[in-house]
Amino acid sequence: MKSMKRVLALVLAMVMCLGLATVAMATEATPAAGSITIKNAAIGKTYTLYKVFDATYDAVNNTTAYTVVKDSDIAKAVEASGFFTLGKADSSNKQAVIKNASATDTQITDWIKGLVTNGTIKSVEGPITADSTTLTFTTTAYGYYYISTDHGATVTIDNNTPNATLIDKNRTTPTQVG
């Protein structure tokens, strides 16, 4: 009888461990892609896509975390910016990027423009010259992006919003988007 209880306890412990492993695996992001579509694009104008941060989706908590690789140029720029705080590096050497409450969207966009200008952030797609009023960047991994034009824009692509649409409001002649 004692042997049976021990075997049963061992089996129960193994089942619990497997159950916990399943929950842990559910929090991992599945590699996926999305798209960014620009409506009302100016024909003849160029658009370039830059990835600022990676995004990891946690399906259990329905949250998205932005990350950078520890000690990378972008991680160093994030740390020096004063707009973000970096979390502790995880097992894959990625650090969470946490926006400071005092940082404004305008400050962050201006900071990103500076990183594009000095070459810290490289383009992932483009420049693409619009040949119609709709332009799409495809096969885009989840992340936080900046699109350069005369005015620039930032957008997030993740499991919650895998296909984002922006409207270029910088045109001199508006086009109805529908």
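Rules of the game
- Every residue gets a number counted from 1 within its own chain, in the order that chain's sequence is written.
- In view of the model being predicted, local features appear only for residues whose pLDDT reaches at least 70, and side-chain atom pairs are presented and counted only at 80 or more, with totals across whole chains, interfaces and linings using the full set of residues.
- Values reported for side chains reflect all heavy atoms of the structure, with hydrogen atoms and water molecules removed beforehand.
- When two rings of Phe, Tyr or Trp (its six-membered ring) have centres within 6.5 Å they constitute a pair, described as stacked for plane angles under 30 degrees, edge-to-face for angles over 60, and tilted for the intermediate range.
- Counting from the N terminus, the helices are DSSP H or I runs at least four residues long and the strands are E runs at least two residues long.
- Only protein chains enter the accessibility calculation, which uses a 1.4 Å probe; a residue whose area is less than 20% of its type maximum is buried, one above 50% is exposed, and one in between is partly exposed.
- Every helix has an expected span of 1.5 Å times one less than the residues it contains.
- A positive count includes Lys and Arg, and a negative count includes Asp and Glu. His and the chain ends are not counted in either.
- For salt bridges, the criterion is a side-chain nitrogen of Lys or Arg within 4 Å of an Asp or Glu carboxyl oxygen.
- For the purposes of these results, a polar contact is taken to be a pair of N or O atoms within 3.5 Å, where, inside protein, one atom must be able to donate a hydrogen and its partner to accept one; residues adjacent in sequence count only when each atom of the pair is a side-chain atom.
- In plain words, nonpolar cores are sets of buried Ala, Val, Leu, Ile, Met, Phe, Trp, Tyr and Cys residues tied together by side-chain atoms within 4.5 Å.
- Contact between two residues is taken to exist if any of their heavy atoms lie within 4.5 Å; hydrogens are not considered.

S.K.: What is the right way to read the packing of aromatic side chains from this model?
M.R.: We describe a pair of aromatic rings using the distance from one ring centre to the other and the angle between the two ring planes. Going through the model one piece at a time under the given rule, you end up with six aromatic pairs. Pairing Y50 with Y146 gives two aromatic rings, centres 6.2 Å apart and planes at 45°, and the pair type is tilted. Here Y146 lies in strand β8 (residues 143-148) and Y50 lies in strand β2 (residues 46-58), a separation of 96 residues in the sequence. Summarising the aromatic geometry, the rings of F53 and Y66 are spaced 6.5 Å apart at their centres and angled 45° between planes, so their arrangement reads as tilted. Taken together, the residues F53 in strand β2 and Y66 in strand β3 (residues 63-69) connect sequence positions 13 residues apart. For F53, a relative accessible area of 4% gives the class buried.

S.K.: Which parts of the structure should I look at to understand helix α3 (residues 105-117)?
M.R.: An α-helical segment advances 3.6 residues per turn. Residues three or four places apart therefore align on the same side. Over its 13 residues, α3 runs 18 Å from end to end, which matches the ideal 18 Å to within 8%, given 1.5 Å per residue. The positive-phi residue at the C-terminal boundary of α3 is G119, with phi of around 85°.

S.K.: Any chance you could explain the side chain of D168 here in plain terms?
M.R.: With respect to the element layout, D168 can be found in the segment after β10 (163-167). With no salt bridge to any partner, buried D168 finds its closest opposite charge in K45, at an N-O distance of 4.2 Å. Within the structure, the side chain of D168 is placed 2.4 Å from the side chain of Y47, a separation counted as a polar contact.

S.K.: Help me out: how do you make sense of the nonpolar core in this one?
M.R.: The tendency in soluble globular proteins is for nonpolar side chains to be buried as a group. Judged by nonpolar contacts, the single largest core of 21 residues is most densely connected at F53, V68, V78, F84, W111, I112 and I121. Contributing elements (two or more residues each) for this core: β2, α2 (73-81), β4 (84-86), α3 and β8. Take this core: its biggest share by element is five residues, from α3. Residues contacting W111, with those up to four places away along its chain left out, are F53, I74, A77, V78, S81, F83 and F84. With twelve residues, the next largest nonpolar core counts I38, Y47, A130 and L135 among its residues.

S.K.: What am I meant to see in the pattern of salt bridges here?
M.R.: Pairing is possible between side chains that carry opposite charge, provided their charged atoms lie close to one another. Applying the stated criterion across every chain, the model contains three salt bridges. Among the ionic pairs, D54 bridges to K51, the shortest N-O distance being 2.8 Å. Classification of D54 as partly exposed rests on a relative accessible area of 23%. We note a salt bridge from K94 to D54, for which the minimum N-O separation is 3.5 Å. With K94 in strand β5 (residues 94-99) and D54 in strand β2, this residue pair connects regions lying 40 residues apart in the sequence. One connected set of salt bridges, linked through shared partners, spans K51, D54 and K94.

Read these as geometric descriptors, not functional statements.
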